[in-house]
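One-letter residues, chain by chain:
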Amino acid sequence: MPTVSDVAARAGVSTATVSRALNGKPTVDPDLAARVRQAAEELGYQPNGPARNLRRQEAAVVALIISDVENPFFTAIARGVEDVAHEVGYSVVLCNSDESAEKERRYVDIAIQERVAGVILSPSGPASTVAKLAARGTAYVAVDRPLPGQDSDVVLVDTRLAAREATAHLVAQGYERVGCITGPVGVRTADDRLAGYRDALKAARRRSTPKLVRRTEYKSAGAHRAALDLLSQAEPPDALLIANSAMAVGVLQALQERGVRAGRDVGLVTFDDAPWAALVDPPLTVVAQPAYELGTVAARLLLARIADPTRPPTATTLGARLIPRASSHRQPVGFSSA
């Protein structure tokens, strides 16, 4: 995407002159303005954010509201958003909702007060908090999770299909009691991962039982409690699908406390290929989601929405990739690594 700097270099003028010329300021010499417009046309440059924002007295800033800044998945999304925004002169303000609808609502209010050019958010639950943005005409895009009841730009991962493939992988490895630890009720990604897990069991003609499923917050502590609860049963799961990498940390802690060996006693597959996932013993089988690409696509959609508020909403769905490693490889009975 060509920038103001590219147009300035092509026309041989300053970026300030480009902005004035493209905004139709009468102080720019007509011949110079024509040269700027010709350079912009040759490069395919479309006036966006900063110039339009100045006319509306908005800041060249976008707000990114994510649910967990400590989760590498969301930090990768943030990097994707920032890289695209930086290319066209925007700054990004990062807001962490902690899966709290109240915090999310407060950040939306602040975004309106600060007159940001647009908002990218990962909704924290089934209730929508963007009505004020829509009423004011502030551009917004949903990322990772859709906005309930809103016909908006959205970028998602087909997480239900990914969960189905991950569960089918565990079934194919010979595990008999595959369990699932997923996120809160009403959070779309948590619901979809549970649905995909059940899809795979149904396809394999396995009965889905609530005894092997736990729902908790998308945090290590919640997953730790859930894993201990599952392991305390008379017939505990022999494999687990885990809904994100933060939860995987809690599960690994629970296994260690109970003397249960990941990849030997219990097979594991977790969503998100965290930097440490391939370094633990055994390396974790993961569902790798294109988090950075989610961020870049969301940012480009937001810029397009800022430039043209009348354009039809766009829904983009990306795929995930199963990366098999030792944690889900079922070893033969009597096998010893010694």
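Residues numbered from 1 in each chain as written. Predicted model: local features only at pLDDT ≥ 70, side-chain atom pairs only at ≥ 80, totals over all residues. Heavy atoms only, no water.

The name an unreviewed UniProt entry gives the protein chain is LacI family transcriptional regulator, with Kribbella speibonae as the organism.

This brings us to the sheet that holds strand S8 (residues 239-242). What the 6 strands build is an open sheet, ordered S7-S6-S8-S9-S10-S12; its pairing is mixed. In this open sheet, the two edge strands, each paired with only one partner strand, are strand S7 (213-215) and strand S12 (321-323). Shown here is a sheet whose adjacent strand axes are inclined to one another by a mean of 15°, direction ignored. Where strand S9 (residues 267-271) meets strand S10 (residues 285-288), 3 bridges bridge the pair, whose relative direction is parallel. Residue pairing in the sheet places threonine 270 in a bridge with valine 286 of S10. Contacts between helix H8 (residues 159-172) and the sheet are confined to strand S6 (178-182), S8, S9, S10 and S12, with S9 contributing the most and set at about 170° to the helix. (Pairing = 2+ DSSP bridges. Helix = DSSP H or I, 4+ residues; strand = E, 2+ residues; numbered from the N terminus. Axes fitted to C-alpha atoms, helices over the stretch in contact; angles between N-to-C directions. Contact = heavy atoms within 4.5 Å.)

With an omega of 0°, the peptide bond between aspartate 281 and proline 282 qualifies as cis. Considering the arrangement of structural elements, one finds proline 282 in the loop between S9 and S10. Despite not being glycine, aspartate 98 has its phi angle at roughly 55°, a positive value. Residue position: aspartate 98 is located in the loop between strand S2 (91-96) and helix H6 (101-113). For aspartate 98, a relative accessible area of 35% corresponds to the partly exposed category. At glutamate 99, a position not held by glycine, the phi torsion is positive, near 55°. Note that glutamate 99 resides in the loop between S2 and H6. The exposure class of glutamate 99 is partly exposed, given its relative accessible area of 22%. (Buried < 20%, exposed > 50% of the residue type's maximum accessible area, 1.4 Å probe, protein only.)

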